[in-house]
Structures are given as structure tokens and as C-alpha cells.
Amino acid sequence: MIGKLNHVAIVVPDLDAATLSYKETLGAKVTPPADLPEHGVTTVFIELPNTKIELLHPLGTNSPIAKFLEKHPDGGMHHLCYEVEDIVAARDKLLAEGARVLGDGEPKIGAHGKPVLFLHPKDFCGTLVELEQT
Ligand code: CO
């Protein structure tokens, strides 16, 4: 059911420093920062030949990743995003298999303007999983 790894997301305490280390130290192609107020994050994407890295930094007072940064002050891996062809069909299969879909279970528009869902980390090896319809 899942297809390509769309991105790996990393929460960072300093977005400029993280962007610079990917751009200069690692020599990667980076996008300009984008504020996503409805998600409470600012993102920078690192574009690799086979996938992307999403740098996440809290935006606003109610950011869903603020707690993550409290627990992991140096930052850390936050989620993996896999592509699916049909997100509603994927959700229904996951629910039927007993997996937990976070939130109200309805796909939301994610960082790339495409429908996304998040799956409970306890169901997937302690890793938060994002599904994105491509
Ligand atoms: Co993501």
C-alpha cells in the first residue's frame, strides 16, 4: 500500500542554523522557509535526489511541535512520510487492521498542498507516520 518515502521530518531548535548546516556543510539543495500558520510550523525542505528532509520549527504559541522540542532540546527525528495513491482507502484499510489514525481521522491539507494523515507511533515501531496522497 505505501509507496515512496516522501520525506523524513526533523524538528530543529534553530531553523537558520539547521538550514545552513544542510546547505553549506552537507552541500544540499534547500528551499526558502515557509510559514504554515494553520499547522503551527515553519518548514524548510532539503531536496535530495531520492527523497526530502523536512526541517520543522515551531510557529506561534500553540505549535504541535513545541512539546517535542521541550523533550528534545537539540531537535530530533519527528516523523516519516510515505506516499499513498488513495488516502481514504489507505485510512480505511489501516482502521480495519486496528491501527490508530490521529485527530478526527479526516485527511488534512499538508505542507505540499496535498491530503495527509498521521498514524499513532505506538502502532508503527515508535515512529510517527504521515501518509500523503500523491
Ligand atoms: Co511531514
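Residues numbered from 1 in each chain as written. Predicted model: local features only at pLDDT ≥ 70, side-chain atom pairs only at ≥ 80, totals over all residues. Heavy atoms only, no water.

**Q** Which parts of the structure should I look at to understand the overall build of the chain?
**A** A tally of regular secondary structure across the chain gives 3 helices and 9 strands. From first element to last, N terminus to C terminus, the chain shows the α and β order β-α-β-β-β-β-α-β-α-β-β-β. Its C-alpha radius of gyration of 15 Å places the chain within 12% of the 14 Å reference for a compact globule of 134 residues. Principal-axis analysis of the C-alpha atoms places the extent of the chain at approximately 45 × 35 × 25 Å. Within the chain, the proportion of its 134 residues that are buried is 40%. Surface exposure of the chain reaches about 7700 Å², of which carbon and sulfur atoms provide 55%. Looking at the chain, you have 12 positive and 19 negative side-chain charges, and the mean spots of the two groups are 3 Å apart. (Helix = DSSP H or I, 4+ residues; strand = E, 2+ residues; numbered from the N terminus. Rg over C-alpha atoms; globule rule 2.2 N^0.38 Å. Buried < 20%, exposed > 50% of the residue type's maximum accessible area, 1.4 Å probe, protein only. Areas by Shrake-Rupley, 256 points an atom, 1.4 Å probe, with all protein chains shown as cover. Lys, Arg positive; Asp, Glu negative; His and termini not counted. Charge placed at Lys NZ, Arg CZ, Asp CG, Glu CD.)

**Q** Could you clarify how one ought to interpret the side chain of Arg91 in this entry?
**A** When you line up the elements, Arg91 lands in helix α3 (residues 87-96). Given the relative accessible area of 12%, Arg91 is considered buried. With near-sequence residues (within four places) excluded, Arg91 lies in contact with Val101, Gly105, Glu106, Pro107 and Leu117. (Contact = heavy atoms within 4.5 Å.)

**Q** Would you explain the pairing of strand β4 (residues 41-47) in this entry?
**A** Note on strand geometry: in a regular strand, side chains alternate between the two faces of the sheet. Burial runs high along β4: 6 of the 7 residues are buried. In this sheet, β4 lies alongside strand β2 (residues 29-30) in antiparallel orientation, the contact comprising 2 bridges. When the bridges of β4 are listed, Val30 appears paired with Ile46. Across 3 bridges, strand β3 (residues 34-36) lies against β4 in antiparallel orientation. Bridged to Asp35 within β4 is Thr42. From the end of β3 to the start of β4, which pair antiparallel, there are 4 residues, and Gly40 there has a positive phi angle of about 70°. The sheet contact formed by β4 and strand β5 (residues 52-58) spans 7 bridges and is antiparallel. For Phe45, the partnering residue across the bridge sits in β5 and is Glu54. Taking the residues between adjacent antiparallel strands as the criterion, β4 and β5 are bridged by 4 residues. (Pairing = 2+ DSSP bridges.)

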